[in-house]
Amino acid sequence: MASYLEGLNSAQRDAVESTEGPVLVLAGAGTGKTRVLTTRFAHILLSRRAFPNQILTVTFTNKAAREMRERVAKIMGGPVEGLWLGTFHALCARMLRRWAERVGLTSSFSILDTDDQLRLLKQIMEAARIDFKRWPPNALMAQIQRWKDKGFMPGQIPVAETTDFANGRAEEFYAAYQTRLRQLNAVDFGDLLLLMVHLLKTDQEVLAYYHRTFRYILVDEYQDTNLVQYYWLRLLAQGHKNICCVGDDDQSIYSWRGAEIENILKFEQDFPGAKVVRLEANYRSTQPILAAASHLISHNEGRLGKTLHPGRNDAQGEKVEVISLWDSEEEARTVGGRIESLWRSGHSLNEIAILVRAGFQTRSFEERLLTLGVPYRIIGGLRFYERAEIRDAIAYLRVLEQPSDDLAFERIVNTPKRGVGDAAIRNLHEAARAYNMPLHDAAAKLVAEGGLRGKLATTMRNLLEQFEDWRNILATQGPVVALDIVLEESGYIAMWKADKSPEAPGRLENLKELSRALADFETLQTFLEHVALVTEVEAQEDGAKVSMMTLHGAKGLEFDTVFLPGWEEGVFPNQRALDEGGNKSLEEERRLAYVGITRAKQRAIILHAANRRIYANWQSSIPSRFIDELPEEVIRHSGSVQPQGGRMAPAATHFPVQARRPDAWEVQARPARTQKIPVGARVFHQKFGYGRVIAADDDRLDIDFETSGEKRVLDRFVERQDG
Ligand code: ATP
Ligand code: MG
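Since this is a predicted model, take the numbers as computed values, not measurements. (Residues numbered from 1 in each chain as written. Chains lettered and ligands numbered in written order. Predicted model: local features only at pLDDT ≥ 70, side-chain atom pairs only at ≥ 80, totals over all residues.)

(A) Region of the structure containing the overall build of the chain. Secondary structure assignment for the chain yields 26 helices and 25 strands. Its C-alpha atoms give the chain a radius of gyration of 28 Å, within 12% of the compact-globule value 27 Å for 723 residues. Overall, the C-alpha framework of the chain stretches about 85 × 70 × 50 Å when taken along its three principal axes. Split into buried and exposed, the 723 residues of the chain put 39% on the buried side. Counted over contacts in the chain with a minimum sequence separation of 6, partners at least 24 positions apart contribute 72%. (Helix = DSSP H or I, 4+ residues; strand = E, 2+ residues; numbered from the N terminus. Rg over C-alpha atoms; globule rule 2.2 N^0.38 Å. Buried ≥ 20, exposed ≤ 12 C-beta atoms within 10 Å, placed from the backbone. Contact = placed C-beta atoms within 7 Å.)

(B) The arrangement of the site of ligand 1 in detail. Within the structure, ligand 1 sits among 19 residues, and Gly32, Lys33, Thr34, Arg35 and Tyr283 are positioned closest to it. The element best represented in the shell around ligand 1 is helix H2 (residues 33-46), accounting for three residues. Here the residues of the shell around ligand 1 sort into four nonpolar, 10 polar and five charged. Taken together, domain 1 (3-97 + 194-279) and domain 3 (320-383 + 539-639) each give at least three residues to the shell around ligand 1, which thus spans both. (Near = placed C-beta within 6 Å. Nonpolar A, V, L, I, M, F, W, Y, C, P; charged D, E, K, R; others polar. Domains from an automatic or database assignment.)

(C) Structural context of the sheet that holds strand E7 (residues 243-247). Judged by pairing direction, the sheet is parallel, and its six strands sit side by side in the order E3-E2-E6-E7-E1-E8 without closing on themselves. In the strand order of this sheet, the two ends are held by strand E3 (84-86) and strand E8 (275-279), each with one partner. Direction aside, the axes of adjacent strands within the sheet are offset by 10° on average. Here three bridges tie strand E2 (residues 55-58) to E3, and the two strands are oriented parallel to one another. Note that in E3 the partner of Leu56 across the bridge is Trp84. Lying on the sheet, helix H1 (residues 10-17) is in contact with strand E1 (23-27) and E8; it crosses E8 at an angle near 150°. (Pairing = 2+ DSSP bridges. Axes fitted to C-alpha atoms, helices over the stretch in contact; angles between N-to-C directions.)

(D) The arrangement of helix H15 (residues 388-401) in detail. Given a rise of 1.5 Å per residue, 14 residues ought to cover 20 Å, and the 20 Å separating the end C-alpha atoms of H15 matches this to within 8%. Among the 14 residues that make up H15, 10 are buried, leaving the element largely enclosed by the rest of the structure. All buried positions along H15 are accounted for by Glu389, Ile390, Asp392, Ala393, Ile394, Tyr396, Leu397, Arg398, Val399 and Leu400. (Expected span 1.5 Å × (residues − 1).)

(E) Up close: the packing of helix H4 (residues 88-99) against helix H8 (residues 189-202). H8 packs onto H4 with a crossing angle of 55° between their chain directions and a minimal axis gap of 9 Å. Taken together, the axis directions place H4 and H8 in an arrangement best described as oblique. For the element pair H4 and H8, the recorded crossing hand is left-handed. The segment H4 lies against H8, with Phe88, His89, Cys92, Ala93, Met95, Leu96 and Trp99 engaging Phe189, Leu192, Leu193, Leu195, Met196 and Leu199. Here the residues of the contact of H4 with H8 are counted per class, giving 12 nonpolar, one polar and no charged. (Parallel < 35°, antiparallel > 145°, perpendicular 65-115°, else oblique. Left-handed = near helix turned anticlockwise from the far one by under 90°.)

(F) Focus on the environment of Leu372. Mapped onto the elements, Leu372 comes out in helix H14 (residues 362-372). As a C-alpha pair, Leu372 and Glu340 span 32 residues in sequence and 7.8 Å in three-dimensional space.

(G) Summary view of the environment of Thr550. Tracing the backbone shows Thr550 in strand E14 (residues 546-550). C-alpha separation for the pair Thr550 and Asn472, spaced 78 residues apart in sequence, amounts to 39 Å.

(H) Here's a closer look at the environment of Asp702. Relative to the helices and strands, Asp702 resides in strand E23 (residues 700-705). Among the residues examined, Asp702 registers 16 C-beta atoms within 10 Å and is labelled partly exposed.

(I) Layout of the confidence of the model for the chain. Of the residues in the chain, 93% have a pLDDT of 70 or more, and the chain-wide mean is 87. Counted against residues more than four places away or in other chains, residues 644-674, with its pLDDT under 50, gives 51 contacts. (pLDDT = per-residue confidence, 0-100.)

(J) Expanded view of the sheet that holds strand E25 (residues 718-720). With antiparallel pairing, the five strands of this open sheet are ordered in space as E24-E23-E22-E21-E25. The open sheet has two edge strands with one neighbour each: strand E24 (709-714) and E25. Neighbour-to-neighbour, the strand axes of this sheet turn through a mean angle of 45°, independent of strand direction. Direction of pairing for E23 relative to E24: antiparallel, over a ladder of six bridges. Within the sheet, the bridge partner assigned to Asp702 lies in E24 and is Arg712.

(K) Local environment of unusual backbone geometry. Cis geometry is found at the peptide bond from Thr415 to Pro416, where omega equals 0°. Structurally, Pro416 is set in the loop between helix H16 (406-412) and helix H17 (422-435). Looking along the chain, the bond that leaves Phe572 and enters Pro573 is cis, with omega of 0°. Positive phi is not limited to glycine here, since Ala166 has a value of about 50°. Within the secondary structure, Ala166 is located in the loop between helix H6 (137-149) and helix H7 (170-183). Judged by C-beta crowding, with 19 C-beta atoms within 10 Å, Ala166 ranks as partly exposed. Notably, Glu221 is not glycine yet its phi reads approximately 50°, a positive angle. Residue placement: Glu221 occurs in the loop between strand E6 (216-219) and helix H10 (227-237).

(L) Up close: the pairing of strand E22 (residues 689-697). Sheet topology note: the strand E21 (residues 682-685)/E22 ladder contains four bridges and is antiparallel. Directly across from His685, in E22, lies its bridge partner Gly689. Sheet topology places E22 next to E23; six bridges connect them, and they run antiparallel. Within E23, the position partnered with Val693 by the bridge is Ile703.

(M) Examining the nonpolar core more closely. Grouped together as the largest cluster of nonpolar side chains are 71 residues, with contacts concentrated most on Val25, Leu193, Met196 and Ile217. Taken domain by domain, this core gets at least three of its residues from each of domain 1 (3-97 + 194-279) and domain 2 (110-184). With sequence-adjacent residues up to four places away left out, Leu193 is seen in contact with Phe88, Cys92, Val228, Gln229 and Trp232. Grouped together as the second largest cluster of nonpolar side chains are 57 residues, Val322, Leu349, Met549 and Leu551 included. (Core = buried A, V, L, I, M, F, W, Y, C linked by C-beta atoms within 7 Å.)

(N) Fine view of helix H18 (residues 439-448). Those residues of H18 lying buried are Leu439, His440, Ala442, Ala443, Leu446 and Val447. The buried residues of H18 occupy one face: seen down the axis, they fall within an arc of 165°. The elements touched by buried residues of H18 are H15, H16, H17 and helix H19 (454-477). Where H18 ends, the next residue or the one after it, Gly450, has phi of about 70°, a positive value. (Arc of directions from axis to C-beta.)

Rendered as structure tokens:
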């Protein structure tokens, strides 16, 4: 037997050696699917069935792509150029460059980013006089993306998939958008696949070319392909029919991006006689980790059903830990402490990961690791203080603290859009140079002396006045309140609320997290110093580092030790899944939990905190239902707060608190408002003084103030005076 096959079990070997004809490997986490794929690539080369560039490989992680590249290099005695190995998008972009003329492009076409896409769509909608408030361009952009994910060109959209957006004109705008893209010699991300599928369908020559080129097709993480990706694979595979897809229905976590689990079922229909291989031995994790993950995922319905058993000799291992803590600070301290002691006892930081449900959660761990001097990297995202929305918010704070901070001023003067364009900013710079003043002061001088015209004068006056107001609030109410009011009144929050892109909710969460971070500091100045120090830390290029990433980004990866913090209702499963009510999104959350636990080789540590701060208030939180769904035999509970009967209750020794609701976390360090303020109530607002409520919705109140007239404000800044 060839040496590279020796380490494999018989099912894996079968999957590797069944090179001819369609093969579907359907198996649970850590059973060696990716390893089968890389070995299969090697096997095809070494058995001289094909040359390296006759194999098309779709990988999900860079790690898998790198591994394959290294392997090919070893086999071929040096690096090989022109491998067809990468993500769907990268592969399609390369194909499309070759045939660009056939879809009305030239080979130098550009790929637009999301900002450009939106700008284009807005121009089209503007020309049609569409009211953006009523019909947000973002929403149409998302709709177009969904159509593209399903492979619909304009004019091909079935009735069931149409929308009444803009009174049924969505498809017309989609068509205009596509025309405009072609005029600009540009495509968006969705086009890469859409146009390639279109070409393969309609142009026999192109199809025949790729059927000749690709003798073998390999696809990792198949459960997360969407329809248009599926069509692309099916068209390409119809030539030699040597396609091997590996996947796990329990790890399908991208349905929000259009992934269709049904693609797994369709495979067997579209490729009759396909060989289905099941792998059941898990080589990654210890028995307790595996038992915990398997038991958890068994709560989902409608699974394809798989068995998993430990494949390692040393599979006996530590129990899965569930650590119950007081608050998120303690959570960060605990994780930091654990990492430090692992590090000290010789574990590599590269083998440690912190996996979070949402990006905002990294902040407290980042700060803790920085304090401890433990190097870390964020995979698939930016460090907390480098994220755009955080930089914007901090720029506002910097201008508050230090009006002469020109960089900060320039960053926010037109964010959100206020009509202060590039020309206006150039003029401001000129004035600043001429007066030898900071931008902020030059703007004030121009306003005072009537040096600005029309709308710009009003905008600038208002903004400068707002900054004066906000500085007063900062002086009287402190930084947290000031930040809240700044983000609200500047329209910055509204800007992201109106944004319908998938990233927008995460940005709003990050802003809330910023407010939480700020609450730990006495003054704005000490906070800004802290931020400056935190962001200054040089990213050392090499050397071992702890990895931090979202659960979505962790797919396919593995680490000795995995920390899974924030397992609380509303965080994980996240609030949106809970709000939707149905089982569908909850099951997807559970699959994410399964992905998370199965990343661990030796140690899985789940944490949850009893209290989270929301703005200046504390909120108690309930442990995630997923913790209750873990099998007791393989779990070890610990922490400063003791679990009781599956649910958690505070340990009396640590925190003398009164129990009111026995089934939930108790204790509110600071009271949160429970009662709504009714219309007609007399109130006091921290900034505008006394007034009467004239309307109320959600968390806003319209108030007729005695001195400043009608205003819409956040209810948490309002105190009732008559109740
Ligand atoms: P996931 O579903 O998480 O993507 P996977 O099925 O792709 O997992 P791999 O990442 O290929 O699993 O393998 C998991 C781990 O088990 C890897 O460290 C791999 O090297 C190891 N492994 C796979 N097969 C064997 C084997 N036959 N003997 C020993 N180790 C193996
Ligand atoms: Mg894998």
